[in-house]
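Examination of the molecular architecture
One letter stands for each residue in the lines below.
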Amino acid sequence: MIIAGGGPTGAMLAAELRLHGVRVLVLEKEPEPTPHFRILSLHIRSIELMAMRGLLDRFLERGRKRPVTGVFAGIPKPAPAELDSAHAYMLGMRRRDIDSLLEEHAIALGAQVRRGCEVIALEQDDDGVTVGLADGEQLRARYLVGCDGARSTVRKLLGVAFPGEPARTETLMGEMEVGIPAEEIAVHLAEGRKRNKRLSLRPFGDGVYSVVVPLPDVTDRAEPPTLEDFREHLRIVAGTDFGVHSPRWMSRFGDATRLAERYRVGRVLLAGDAAHIHPPAGGQGLNLGVQDAFNLGWKLAAQVSGRAPATLLDTYQAERHPVAEDVLENTRVQMELLSPEPGPQAVHRLLTALMDIDEVNRRLVEQIAAIDIRYDFGEGPDLVGRRLRDIELKDGPLYEHTHRGRGLLLDRTGRLRNDGWSDRVDLITDSTAAIDVPALLLRPDGHIAWIGEDQQDLETRLARWFGEPVAL
Ligand SMILES: Cc1cc2nc3c(=O)[nH]c(=O)nc-3n(C[C@H](O)[C@H](O)[C@H](O)COP(=O)(O)OP(=O)(O)OC[C@H]3O[C@@H](n4cnc5c(N)ncnc54)[C@H](O)[C@@H]3O)c2cc1C
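First things first, this report covers the structure right here in the doc. (Residues numbered from 1 in each chain as written. Predicted model: local features only at pLDDT ≥ 70, side-chain atom pairs only at ≥ 80, totals over all residues. Heavy atoms only, no water.)

What follows concerns a nonpolar patch on the surface. A surface patch of nonpolar side chains, amounting to about 260 Å² of accessible area, comprises L350, L354 and I357. Mapped onto the secondary structure, I357 falls in the loop between α10 (342–354) and α11 (358–369). In this structure I357 comes out as partly exposed when scored by relative accessible area, which is 44%. (Patch = residues over 30% accessible without salt bridge, like charges linked within 9 Å, V, L, I, M, F, W, Y side chains within 5 Å. Areas by Shrake-Rupley, 256 points an atom, 1.4 Å probe, with all protein chains shown as cover. Salt bridge = Lys/Arg side-chain N within 4 Å of Asp/Glu carboxyl O. Helix = DSSP H or I, 4+ residues; strand = E, 2+ residues; numbered from the N terminus. Buried < 20%, exposed > 50% of the residue type's maximum accessible area, 1.4 Å probe, protein only.)

As structure tokens, this is what we get:
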């Protein structure tokens, strides 16, 4: 298996495939890891995924827990009461720490990562994919996954359409020190925000601020901005450059919003920013990519092993494309709410008031946190298709039992069996399990595939998700 791109999506996918013994080669074009000082937020579902694979302690060591507030268009409302998760917080982390932890995890599981390798060509046939590198080398694999980011070469080589809207706004973002006292910052910021709501300066401690400055036009330039760019545009929006100096990092981003028409063409698939781009409102892109990888890994591994039910791999697009559509839609809404025009500002005020209603606040927060997702598995109780939160079992938390990325049959009745699938699906019999149903079947990505107590019914579902039984 070849993965083009060693960002967070590629690294998570490599690790998931290794859990199932698939040989994985990650090709990353950058010769060295990018230093990326930027702080990103992991949302609840991503934090749960780290817990499910035994990585959470390492993430907590390098991250800072924050309450789940201000996630939708920056509207500062308290987190809804009792969010349905054992990990109901956000985790602010340096992007380079997220990258390195995921890469270390993939390598520890046996993935091979080759840096300085740029994928520039691909050709597929019935048996596999030939991948061409910039230095002329050719490599062969049974499948290729393009996790090569927003400007994905793999997506372009496949000719997959990427419909959506081009950037209408461009924004500078960076971390730097500010040369005037906090009280003066507050005054200038308030003035500037009257002109443009996208302006923001947030302190990180030690005199360092996260600085976000809207630009008047879209340049669509790829290279990072200079400190002088920041000063010039701060003066335009706020009337002062705040004395900014000593930048830690600086970047620019647009609000282009696009979604790949297909996530799979034969033996080549797309995941992460290669499949979808949108403005960073709500901080969802990395989370979405890592969750794509979590959905795809076990399915692709089953396909490679020859055990996958015929339609399993296609459920990747069927499940993840609508999730990306929803994320794109909510970022469109958020960008609209940040517009300084009187109409959007009136809607902003209305939504701010409506978010005092717990149900409204909860719905928006659960969407950004990605804990509201329900995949369509056909008819069945509402729980089927949803993820199961971490719960206490008699011998510790459920997520402690999911580190190996296998399916899990959680049975309160003591009557059900996983015979024929025990090489792929674990069985936990626990009459004390805190679930309101007799038994449930979890897929390796933690989504509930079945609820019930009938053995025959269970076996139909086991075959649907895990393939035919084998005599062990
Ligand atoms: C200002 C800003 C703030 C953001 N804040 C957040 C946030 O708070 N939370 C959040 O979830 N998301 C956030 N995002 C989005 C997030 O950074 C991306 O969604 C995420 O990095 C996508 O991960 P990825 O692995 O899919 O792609 P990338 O991180 O882009 O990784 C792709 C990798 O592929 C490599 N590559 C590219 N082409 C090739 C090739 N031809 N051959 C081999 N390798 C190749 C690249 O070098 C790169 O390492 C933010 C984005 C921006 C711009």
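Another point: empty space enclosed by the protein. This model, assessed by the stated rule, comprises two cavities of 30 Å³ or more. Computed from the structure, the largest cavity encloses a volume of approximately 90 Å³. R45, L49, Q291, F294, N295, R320, A370, I373, Y375, R387, D445 and H447 together form the lining of the largest cavity. Sorting the residues of the lining of the largest cavity by element identifies α2 (44–52) and α8 (285–305) as the ones contributing at least two each. Sorting elements by how many residues they give to the lining of the largest cavity places α8 first, with three residues. Across the lining of the largest cavity, the residue classes break down as five nonpolar, three polar and four charged. (1 Å grid on protein atoms, 1.4 Å probe; cavity = no way out; pocket = protein on both sides within 12 Å on 5 of 7 lines; lining within 4 Å. Points joined across faces, edges and corners; volume = space filled by probe spheres on them. Nonpolar A, V, L, I, M, F, W, Y, C, P; charged D, E, K, R; others polar.)

If you walk across this open sheet you meet the four strands as β23-β22-β24-β25, and the pairing is mixed. Edge positions in the sheet fall to β23 (425–429) and β25 (448–451), since each of these pairs with one other strand and no more. Pairwise comparison of adjacent strand axes, ignoring direction, gives a mean angle of 15° for this sheet. (Pairing = 2+ DSSP bridges. Axes fitted to C-alpha atoms, helices over the stretch in contact; angles between N-to-C directions.)

Here the focus is the site of the ligand. Among the 29 residues in the neighbourhood of the ligand, the closest are listed as T9, E28, D273, L286 and N287. One of the side-chain nitrogen or oxygen atoms of T9 is found 2.8 Å away from an oxygen atom of the ligand. Contacts to the ligand include E28, whose side-chain N or O atom sits 2.6 Å from an oxygen atom. Broken down by secondary-structure element, the contributors of at least two residues to the shell around the ligand are α1 (8–19), β2 (25–28), β3 (39–42) and α8. A per-element tally of the shell around the ligand places α8 first, with three residues. (Near = heavy atom within 4 Å. Polar contact = N/O pair within 3.5 Å; in protein donor to acceptor, adjacent residues only side chain to side chain.)

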